[in-house]
Amino acid sequence: MEVFTKDHVFPFSKMLTFYRKDNLVLEASYTNPIPHTQTVIGRFEIGPIRPEEDGSSTKVKVKVKVDIHGILTVESAHTVTKIQVPVEEEKKEEKKDAKKSEKSEKKEEKMETEETQE
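Computed from a predicted structure; not experimentally measured.

Chemist: Please give an account of the overall build of the chain that cites residues and values.
Modeler: For the chain, the count of helices and strands is 1 helix and 5 strands. In the chain, which comprises 118 residues, the proportion classed as buried is 13%. A sequence separation of at least 24 residues applies to 49% of the contacts in the chain between residues at least 6 apart. Counting only carbon and sulfur atoms, one obtains 50% of the accessible surface of the chain, whose full area is about 10200 Å².

Chemist: Go over the confidence of the model for the chain with me, naming the residues and quoting the values.
Modeler: The pLDDT averaged across the chain works out to 76; a share of 75% of its residues lies at or above 70. Put simply, helix 1 (residues 87-117) is where the chain has its lowest mean pLDDT, 56, and strand 4 (residues 58-66) is where it has its highest, 89. In this model, residues 106-118 is a region of pLDDT below 50 whose contacts with residues beyond four sequence positions or in other chains number 0 contacts.

Chemist: Account for the environment of Phe4, with residues named and values stated.
Modeler: Along the polypeptide, Phe4 turns up in the segment before strand 1 (12-20). Exposure remark for Phe4: the relative accessible area of 21% places this residue in the partly exposed category. For the pair Phe4 and Thr31, spaced 27 residues apart in sequence, the C-alpha to C-alpha distance is 9.8 Å. If near-sequence neighbours (up to four positions away) are discounted, Phe4 is found in contact with Phe12, Lys14, Val64, Val66 and Leu72.

Chemist: Could you give me a rundown of unusual backbone geometry, with the residues and numbers involved?
Modeler: Note that the residue after Gly47, namely Pro48, is joined by a cis bond; omega there is 0°. Looking at the element boundaries, Pro48 is found in the loop between strand 3 (40-46) and strand 4.

Chemist: A description of the sheet that holds strand 1 should follow, citing residues and the corresponding values.
Modeler: Ordered in space as 1-4-5, the 3 strands form an open sheet in which the pairing is antiparallel. Edge strands, defined here as strands with exactly one partner in the open sheet, are strand 1 and strand 5 (72-80). Strand-to-strand twist across the sheet, computed as the mean angle between neighbouring axes with direction ignored, equals 20°. Here strand 4 runs beside strand 5; their pairing, made up of 8 bridges, is antiparallel. By the bridge assignment, Val62 is partnered in strand 5 with Ala77.

Cut-offs and rules
Residues numbered from 1 in each chain as written. Predicted model: local features only at pLDDT ≥ 70, side-chain atom pairs only at ≥ 80, totals over all residues. Heavy atoms only, no water. Helix = DSSP H or I, 4+ residues; strand = E, 2+ residues; numbered from the N terminus. Buried < 20%, exposed > 50% of the residue type's maximum accessible area, 1.4 Å probe, protein only. Contact = heavy atoms within 4.5 Å. Areas by Shrake-Rupley, 256 points an atom, 1.4 Å probe, with all protein chains shown as cover. pLDDT = per-residue confidence, 0-100. Pairing = 2+ DSSP bridges. Axes fitted to C-alpha atoms, helices over the stretch in contact; angles between N-to-C directions.

Right, dumping it as structure tokens:
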């Protein structure tokens, strides 16, 4: 995959997304011929990456940057996991619990008032 093309403006950064079940190895190299025998710019290993609970691939976001001097760096990498939470059910339960606690507080207050009046 070619991320930064020839004569691309810099400084510039891009967010790359991969789906992986294990560690990710990025190898940057020149795609066009250069007057040098070594075409590899760098090798970056990102990990540990584990598959999702259901065994599917994990979404990995990697931010790469070419700075004002033309140097390529991996600025950040993180995994993205979706967690589904049934929001409506929790809110209903919280409301029920709040109502119950309000009722019990009112009963306790009445009892306290009755005790102090005697």
